[in-house]
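# What the coordinates show
Here are the chains, one letter per residue:
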Amino acid sequence: KNEVEQSPQNLTAQEGEFITINCSYSVGISALHWLQQHPGGGIVSLFMLSSGKKKHGRLIATINIQEKHSSLHITASHPRDSAVYICAVRWRGGATNKLIFGTGTLLAVQP
Amino acid sequence: NAGVTQTPKFRILKIGQSMTLQCTQDMNHNYMYWYRQDPGMGLKLIYYSVGAGITDKGEVPNGYNVSRSTTEDFPLRLELAAPSQTSVYFCASRAQEAGKNSPLHFGNGTRLTVT
């Protein structure tokens, strides 16, 4: 079992839909990252959070430390949101440089 | 700022050849990382560095070497390329902030094929 599990693995949505991507982890963490990887391959950091909720434009990330769960929401989805979304956790008590990555959620938003 | 720059973008190697993947950043970040990304797998840490002159192994260091002679540059060396090293390689950096986590900045990746 992976220490970081994402669901779903693949998601197809229609433009305008509200999208939720989930991330569950099994270790105590100091921070959780959401990353976006576009078809061209580059990876961009979207959010880093250790508690509560963060919002940037149409993207919202939440985390529940007690339940070891985070969600990434996209409101009013658009085809340009099509990408792989990756969750990564920095586990508490381990090497400060160790991130554990999920395998990603492939999102396709159709016009 | 250019951010994190990786070269080359693509490379095909024959088994046993060697090469260096270049990574440079202009953000004065202390921490730098090399990851590999294989299909269906999460990114795996190969090597990392917390500052010039300091490097350490990650989860999958075998077959690779690194150096960090300057803050800006963190090259990854493959000495004897093997098919198992076919992968996409990402370099990343982040600032050192005492007691705080800081976001990662990634390069655009190098797609390496070993045949």
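Structure shown above.
Residues numbered from 1 in each chain as written. Chains lettered and ligands numbered in written order. Predicted model: local features only at pLDDT ≥ 70, side-chain atom pairs only at ≥ 80, totals over all residues. Heavy atoms only, no water.

Moving on: the overall build of chain A. Helix and strand counts for chain A stand at zero helices and 11 strands. Going residue by residue from the N terminus, the α and β elements of chain A occur as β-β-β-β-β-β-β-β-β-β-β. For 111 residues, the compact-globule formula gives about 13 Å, and the C-alpha radius of gyration of chain A, at 13 Å, lands near that figure. Judged by the C-alpha coordinates and their principal axes, chain A covers about 45 × 25 × 25 Å. Out of the 111 residues belonging to chain A, those deemed buried represent 44%. When contacts within chain A are restricted to residue pairs at least 6 apart in sequence, long-range pairs at least 24 apart make up 54% of them. If you sum the accessible surface of chain A, you get close to 5,200 Å²; carbon and sulfur atoms cover 52% of it. (Helix = DSSP H or I, 4+ residues; strand = E, 2+ residues; numbered from the N terminus. Rg over C-alpha atoms; globule rule 2.2 N^0.38 Å. Buried < 20%, exposed > 50% of the residue type's maximum accessible area, 1.4 Å probe, protein only. Contact = heavy atoms within 4.5 Å. Areas by Shrake-Rupley, 256 points an atom, 1.4 Å probe, with all protein chains shown as cover.)

Moving on: the packing of aromatic side chains. Under the counting rule described, the total for this entry stands at six aromatic pairs over all chains. Residues Tyr64 of chain B and Tyr89 of chain B carry aromatic rings whose centres are separated by 5.8 Å and whose planes lie at 65 degrees to one another, so their mutual orientation is edge-to-face. Linking Tyr64 of chain B in strand 7 (residues 64-66) with Tyr89 of chain B in strand 9 (residues 87-94), this pair joins segments that are 25 residues apart in sequence. Both rings, one in Phe90 of chain B and one in Phe106 of chain B, keep their centres 6.4 Å apart while their planes meet at 85 degrees; by these two values the pair is edge-to-face. Separated by 16 residues along the polypeptide, Phe90 of chain B in strand 9 and Phe106 of chain B in strand 10 (residues 105-106) bring together distant segments of the chain. In terms of burial, Phe90 of chain B and Phe106 of chain B fall into one category: buried. Of the aromatic side chains, those joined through ring pairs into one cluster are Phe101 of chain A together with Tyr33, Tyr35, Tyr48, Phe90 and Phe106 of chain B. Of note, Arg68 of chain B hangs over the ring of Phe74 of chain B, and the distance from its end group to the ring centre comes to 6.0 Å. (Phe/Tyr/Trp six-rings, centres within 6.5 Å; stacked < 30°, edge-to-face > 60°. Lys NZ or Arg CZ within 6 Å of the ring centre and 35° of its normal.)

Turning next to the state of the cysteines. Scanning all chains against the criterion turns up two disulfides over all chains. One disulfide in the model links Cys23 of chain A with Cys87 of chain A; its S-S distance is 2.0 Å. Disulfide Cys23 of chain A-Cys87 of chain A: torsion about the S-S bond near -60 degrees, hence left-handed. Here Cys23 of chain A is found in strand 3 (residues 19-25), whereas its partner Cys87 of chain A is found in strand 9 (residues 83-91), with 64 residues between them in sequence. According to the relative accessible area criterion, Cys23 of chain A is buried, its value standing at 0%. Between the sulfur atoms of Cys23 of chain B and its disulfide partner Cys91 of chain B the distance amounts to 1.8 Å. On the sign convention where negative means left-handed, the S-S torsion of about -70 degrees between Cys23 of chain B and Cys91 of chain B marks this disulfide as left-handed. Linking Cys23 of chain B in strand 3 (residues 19-25) with Cys91 of chain B in strand 9, this pair joins segments that are 68 residues apart in sequence. In this structure, Cys23 of chain B and Cys91 of chain B share a single accessibility class: buried. (Disulfide = S-S within 2.5 Å.)

On to the environment of Asn28 of chain B. By secondary structure assignment, the location of Asn28 of chain B is in the loop between strand 3 and strand 4 (31-37). Residue classification places Asn28 of chain B among the exposed residues on the basis of a relative accessible area of 59%.

Examined against the element boundaries, His73 of chain A turns out to sit in strand 8 (residues 69-74). Among residues more than four places away in sequence, those in contact with His73 of chain A are Phe18, Ile19, Thr20, Arg58, Leu59, Ile60 and Thr62 of chain A.

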